[in-house]
Amino acid sequence: MTRISVTPLQSSLGAEVSGIDLRQPVDDEVLAALREAWARHLVLRFRGQALSDPELLAFSRLFGELDPPGPNPYGKPFLSEFPEINVISNVKVDGVPIGNLGDGEAVWHCDMTYVERPPRAALLHALEIPPGGGDTFWSDMYLAYETLPDHTKALISGRRAIHDATYNSAGMMRKGMKEVTDPREAPGAHHPLVIAHPDTRRPALFLGRRRNSYVLGMDLAESNALLDTLWEHATRPEFTFRQEWQLHDLILWDNRCTLHRRDAFDPNASRIMHRTQIKGPAIEAFDPASAGMALES
Ligand code: SIN
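First, a word on what this report is: a plain description of the structure on this page. (Residues numbered from 1 in each chain as written. Predicted model: local features only at pLDDT ≥ 70, side-chain atom pairs only at ≥ 80, totals over all residues. Heavy atoms only, no water.)

### Brief notes about the overall build of the protein chain
Consideration 1: If you tally the helices and strands in the protein chain, you get five helices and 19 strands.
Consideration 2: Relative to the globule expectation of 19 Å for 297 residues, the C-alpha radius of gyration of the protein chain, 19 Å, shows essentially globular dimensions.
Consideration 3: Across the 297 residues in the protein chain, those meeting the buried criterion constitute 52%.
Consideration 4: A separation threshold of at least 6 residues defines the contact pool for the protein chain, and within that pool the share at least 24 residues apart is 79%.
Consideration 5: Counting 31 positive and 40 negative side-chain charges, the protein chain places the centres of these two groups 2 Å from one another. (Helix = DSSP H or I, 4+ residues; strand = E, 2+ residues; numbered from the N terminus. Rg over C-alpha atoms; globule rule 2.2 N^0.38 Å. Buried < 20%, exposed > 50% of the residue type's maximum accessible area, 1.4 Å probe, protein only. Contact = heavy atoms within 4.5 Å. Lys, Arg positive; Asp, Glu negative; His and termini not counted. Charge placed at Lys NZ, Arg CZ, Asp CG, Glu CD.)

### Observations regarding the state of the cysteines
Consideration 1: Under the counting rule described, the total for this entry stands at zero disulfides.
Consideration 2: Considering cysteine sulfurs only, Cys 257 is the nearest to Cys 110, which forms no disulfide, with 8.7 Å between them.
Consideration 3: Classification of Cys 257 as buried rests on a relative accessible area of 0%. (Disulfide = S-S within 2.5 Å.)

### Side note on the pattern of salt bridges
If charged atoms from side chains of opposite charge come close, those side chains can pair.
Consideration 1: A complete count under the given rule lists 19 salt bridges for this structure.
Consideration 2: With a shortest N-O distance of 2.3 Å, Arg 275 and Asp 111 are connected by a salt bridge. Of this pair, Arg 275 sits in strand S19 (residues 272–278) while Asp 111 sits in the loop between strand S8 (106–109) and strand S9 (121–128), and the two are 164 residues apart along the sequence. Of the two residues, Arg 275 and Asp 111, neither departs from the other in class, the shared state being buried. (Salt bridge = Lys/Arg side-chain N within 4 Å of Asp/Glu carboxyl O.)

### Quick notes on the environment of Phe 82
Consideration 1: Here Phe 82 shows up in the loop between helix H2 (53–61) and strand S4 (86–89).
Consideration 2: A sequence separation of 82 residues divides Phe 82 from Asp 164, and the C-alpha atoms of the two residues are 27 Å apart.
Consideration 3: The contact partners of Phe 82, leaving out residues within four places of it in the chain, are Asp 53, Pro 54 and Leu 57.

### A few points about the sheet that holds strand S11 (residues 160–162)
Consideration 1: With respect to topology, three strands assemble into an open sheet ordered S12-S11-S15, the strand pairing being antiparallel. Each edge of the sheet is formed by a strand with only one pairing partner; in this case those strands are strand S12 (190–192) and strand S15 (214–215).
Consideration 2: With two bridges joining them, S11 and S15 adopt antiparallel strand pairing. Looking at S15, one finds that Ile 162 is bridged to Tyr 214. (Pairing = 2+ DSSP bridges.)

### Looking at the nonpolar core
Consideration 1: In terms of nonpolar packing, the biggest core is built from 44 residues, with Val 43, Trp 138, Ile 156, Leu 193, Leu 205 and Leu 230 touching the most fellow members.
Consideration 2: At the level of elements, S9, strand S10 (136–140), helix H3 (141–146), strand S13 (194–196), strand S14 (203–205), helix H5 (220–234) and strand S17 (250–254) are the ones that each hand at least two residues to this core.
Consideration 3: Ranked by residue count, the leading element in this core is H5, at five residues.
Consideration 4: Ranked by size, the runner-up nonpolar core spans 25 residues in total, among them Val 17, Val 26, Trp 38 and Phe 63. (Core = buried A, V, L, I, M, F, W, Y, C linked by side-chain atoms within 4.5 Å.)

### Observations regarding the site of the ligand
Consideration 1: In the vicinity of the ligand, the residues found are Ile 88, Leu 101, His 109, Leu 124, Thr 136, His 260, Arg 262, Arg 271 and Arg 275.
Consideration 2: The protein chains hide 98% of the 260 Å² of surface that the ligand would expose on its own.
Consideration 3: Partitioned by chemical class, the residues of the shell around the ligand number three nonpolar, three polar and three charged. (Near = heavy atom within 4 Å. Areas by Shrake-Rupley, 256 points an atom, 1.4 Å probe, with all protein chains shown as cover. Nonpolar A, V, L, I, M, F, W, Y, C, P; charged D, E, K, R; others polar.)

### Examining the packing of aromatic side chains
Consideration 1: On inspection of all chains with the given rule, the structure shows six aromatic pairs.
Consideration 2: Seen from their ring centres, Phe 59 and Phe 63 are 5.3 Å apart, and the 75° between their planes marks the pair as edge-to-face.
Consideration 3: Its relative accessible area of 2% is what places Phe 59 among the buried residues.
Consideration 4: The class for Phe 63 is buried, based on a relative accessible area of 2%. (Phe/Tyr/Trp six-rings, centres within 6.5 Å; stacked < 30°, edge-to-face > 60°.)

The structure is reproduced here in C-alpha cells:
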C-alpha cells in the first residue's frame, strides 16, 4: 500500500511529496491525501518522477479535465501528438523553437487569467535542466491578501481589473494580438481583485500579470499606483517558495491562489519542461460581508 509523506518546504507554501511513484495507478485514498496536501500547501513537489508524456497526462487528469495551452507566439501546438502538453523550452531545432518562453526571465503571473475561466492548476515536469539558473518561484496570494492593510482591503473590495491577453510572461506577443498603447483598452477578462477561492472559499488576491493591467473605474494614474503597491506587496520574499530544479521534478500548483515567475538562465544551456493544466470554474469575487469580515474604510 502506498504511504505518502508530505514535508513543508516553506512556512507559507510549498511541500514535497515522497513515497509515491507517479507512473503507477494512484488509489482513491492516496488521491484524497494529495488533494488535501495540495489545498494546504498550494504547490506540491514530487522528486525523481521520470514520466513519459502519456504518464504525465494520466497523472494530470486525476485533478480534472485538461485545459489546452493558450495561444503561443508561433500559432500552433508544440507537440502535435499531445496538443494538451505545452513545452517550455529555449531549445531550437534547425532554428525553430521547440517550446515557449526562451531563456530570459518570465515575470510574475498567473496562467491564462485573460480568459473567463482560468486553469485551476498546472503541472510542470523537468526533462532537461541547465546547470544553474532557471529557478521558479511561487508566491502565496492568500497570505498576500491577509497581510494587506485594512484600508487597502477596503479600497480593492468589489473592484475588478483587466487581465491583458496580449503578451506572455516572457514579454512575447501572442499570435493574433496587436500592441496595446492604453491599458484601459487591453483585451482580456475582467476579474475581481479579490476572489473567493472556488474550493476553499478563502479570499485571495488575484492579480494575473502587471503589464497592461488596469483597475476598472479608476483614472489611469490612480490605477497604476494601486497596482504597483499591490504587486510589490504580493511578491514579497516572505510569501514565496523557490524551486531549484532537479531532473524529473514534477511540480503541481494551484493557479488561483499563487503567482509564479522564473529566473533567466544561460542561453547556451538547454532547459526542457513539459507542462499541463487543468480546467477551472468561473472566478467569483470575495464578499467580506458574507464572510463576516469587517473592513475599515
Ligand atoms: C511557466 O511560467 O509556466 C514556466 C515556469 C518555468 O519555466 O519554470
